[in-house]
Amino acid sequence: MPTRETVALSVSTAREHDLDLARRASSGDRAAQRELFIAQRAAVHHALFRILGSNRELEDLLQDAFIEIFRALPSFRGDSTLGRWCQTIAVRVAYLAISRRRPPAVDLALVEDVVASDADVRRQMLAREATRRLYAALDRIEAKQRIAYALAAIDGKSLAEVADLTASSVFAVKTRVWRARRELWRRAQKDPVLSAYLEEIGGREP
């Protein structure tokens, strides 16, 4: 089992690496920029996907996020890990994307009928459909509530982690998650597919 000294040294080494990488990337070092992009791409994409779901804008927003990340690199001081810092910027990019778009119309009919005898295919189709309905409902929820809910209930982050990523208090995050859940359940009253999915990922109606 690692000792406190070992853990502290590991944290210090990682912080020095993050600071050095950020410094070199912000100075225009192409190799460092590529290293940062490769190291953080998956985490940034994950954050955007959890908040926004699958949509055509995701790759564009990923690029927007990295533009903002490289633009802000001179301000990185190592107070958190470089990965957490990049995810914070991704959350801000997602917030702006939500704020400027109109929610689409929602068709509650299933996308297609599934052959009843193929249980595995039917489960997969229902899971995809439930996810589609969840994000369609989230499109109608206030941006800060949506982000808090997506990170906490869908991605499974702690309230403290969500507070850190959104520059909010734990109390504010808890309130936003509760309000988002309440609104989602209200919208799920006439939608058994969404209702079952909400119960699966977040418990019973608040």
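The rules behind the values
Residues numbered from 1 in each chain as written. Predicted model: local features only at pLDDT ≥ 70, side-chain atom pairs only at ≥ 80, totals over all residues. Heavy atoms only, no water. Core = buried A, V, L, I, M, F, W, Y, C linked by side-chain atoms within 4.5 Å. Buried < 20%, exposed > 50% of the residue type's maximum accessible area, 1.4 Å probe, protein only. Helix = DSSP H or I, 4+ residues; strand = E, 2+ residues; numbered from the N terminus. Contact = heavy atoms within 4.5 Å. Salt bridge = Lys/Arg side-chain N within 4 Å of Asp/Glu carboxyl O.

Ranked by size, the top nonpolar core spans 55 residues in total, and within it Leu36, Val44, Leu48, Ile51, Trp85, Leu134 and Tyr149 carry the most contacts. Broken down by element, this core gets its largest block of residues, 10 residues, from helix 4 (residues 82–99). When sequence neighbours within four positions are dropped, the list of residues in contact with Leu36 reads Leu21, Ala25, Phe66, Ile69, Phe70, Leu73, Leu82 and Cys86.

With that settled, the discussion passes to unusual backbone geometry. Although it is not a glycine, Ala167 sits at a positive phi angle of roughly 55 degrees. Mapping Ala167 onto the fold places it in the loop between helix 7 (159–166) and helix 8 (170–187). The exposure class assigned to Ala167 is exposed, which follows from its relative accessible area of 72%.

It is worth spelling out the pattern of salt bridges at this point. Evaluation of the coordinates by the stated rule reveals 16 salt bridges. With a shortest N-O distance of 3.4 Å, Arg41 and Glu59 are connected by a salt bridge. Taken together, the residues span a long stretch of sequence, with Arg41 in helix 2 (residues 30–52) and Glu59 in helix 3 (residues 58–72) at a distance of 18 residues. For Glu59, a relative accessible area of 41% puts it in the partly exposed group. Taking the shortest distance from any N to any O, the salt bridge between Asp155 and Lys157 comes out at 3.4 Å. Among the residues examined, Lys157 registers a relative accessible area of 19% and is labelled buried.

Let's shift gears to the environment of Val44. By the secondary structure assignment, Val44 is in helix 2. What makes Val44 buried here is its relative accessible area of 1%. Separated by 43 residues in the primary sequence, Val44 and Gln87 have C-alpha atoms spaced 5.4 Å apart. Look past the residues within four positions of Val44 in its chain and what remains in contact with it is Leu62, Ala65, Phe66, Ile69, Cys86 and Ala90.

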